[in-house]
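Okay, here's what each chain looks like letter by letter:
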Amino acid sequence: MYFMFHILHICIHHLLPQLREDALFLLGLYGDHPGLYRDTARGNKPVLYVYDSYRTPPEQWRELLADPRRPPWVYLGLLVEEKHLAEIEFAGWDGFYTYFSVDGFTFGSTRANWPRIADFAARKRLSFVPCLGPGYIDTAIRPWNHANTRPRDEGAYFRDVFRALQQIQAS
């Protein structure tokens, strides 16, 4: 397994009716850009991360994602809670990502859950994109959020998370 880093990943905050238009607009604007990440395992389609996808009922996503006229992207929904795994599968997403890089903040961002999540994704042929970061502190804008602070410890936090990713890739 290898890890690739890309210059441009696109995340959209949107309302469901706008997704088709947003996806077409972004494809027209960035579709030929060499920095746009494309998933070679899925027909070299660009990848679209849809933030807060769980706020829209999976039945509505299913209607959109099953439409053969949908713009040609790999669509990734956001995995926050464990129940979102079944909703993502039902809705027809191509996969999911965790967004939050704080270990333990959500079900999806909890490293101890990653092997089970990766197994689910493999069985269902879904892409699983666990997100990682070098540490985390946002108390300047969320003073109440001390519990989710993760010090960088001169890169130790990032190395630990990266090792956790390597462990699930090896299994």
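This text follows the structure it describes.
Residues numbered from 1 in each chain as written. Predicted model: local features only at pLDDT ≥ 70, side-chain atom pairs only at ≥ 80, totals over all residues. Heavy atoms only, no water.

Here's the deal with the overall build of the chain
The helix and strand tally for the chain stands at five helices and six strands. Shown N-terminal to C-terminal, the secondary structure of the chain runs as helices and strands in the order β-α-β-β-α-β-α-β-α-β-α. Relative to its 171 residues, the chain shows a buried fraction of 46%. Taking the intrachain contacts of the chain between residues at least 6 apart in sequence as the baseline, contacts between residues at least 24 apart amount to 64%. Counting every atom, the chain has about 10,100 Å² of accessible surface; 54% of that belongs to carbon and sulfur. (Helix = DSSP H or I, 4+ residues; strand = E, 2+ residues; numbered from the N terminus. Buried < 20%, exposed > 50% of the residue type's maximum accessible area, 1.4 Å probe, protein only. Contact = heavy atoms within 4.5 Å. Areas by Shrake-Rupley, 256 points an atom, 1.4 Å probe, with all protein chains shown as cover.)

Thoughts on the pairing of strand β4 (residues 74-78)
Counting buried positions along β4 yields five of five residues, so the element is predominantly enclosed. The alternating pattern of β4 places V74, L76 and L78 on one face and Y75 and G77 on the opposite face, and all of these are buried. The pairing of strand β3 (residues 45-50) with β4 spans three bridges and is parallel. Residue pairing for β4: V47 is matched across the bridge by V74. With helix α2 (residues 58-65) bridging β3 and the parallel β4, this β-α-β connection has right-handed handedness. By the bridge criterion, three bridges tie β4 to strand β5 (residues 95-97) in an arrangement that is parallel. Counterpart to L78 in the pairing with β5 is Y97. Read from β4 through helix α3 (residues 84-91) to β5, the crossover connection turns out right-handed. (Pairing = 2+ DSSP bridges. Right-handed = clockwise from strand over helix to strand, strands pointing away.)

Let's talk about unusual backbone geometry
With a phi angle near 60 degrees, Y99 is a residue other than glycine that sits in the positive phi range. Tracing the chain through its elements places Y99 in the loop between β5 and α4 (114-124). Judged by relative accessible area, Y99 falls into the partly exposed class, the value being 40%. Phi at D153 is positive, roughly 45 degrees, even though this residue is not glycine. The topology assignment puts D153 in the loop between β6 (127-129) and α5 (156-170).

Points about the pairing of β3
Burial of β3 is extensive: five of the six residues sit out of reach of the surface. Sheet analysis places strand β2 (residues 38-39) next to β3, joined by two bridges and oriented antiparallel. Bridge pairing in β3 links R38 to P46. Hairpin remark: β2 followed by β3, antiparallel, with five residues in the connecting loop; positive phi at G43, about 70 degrees.

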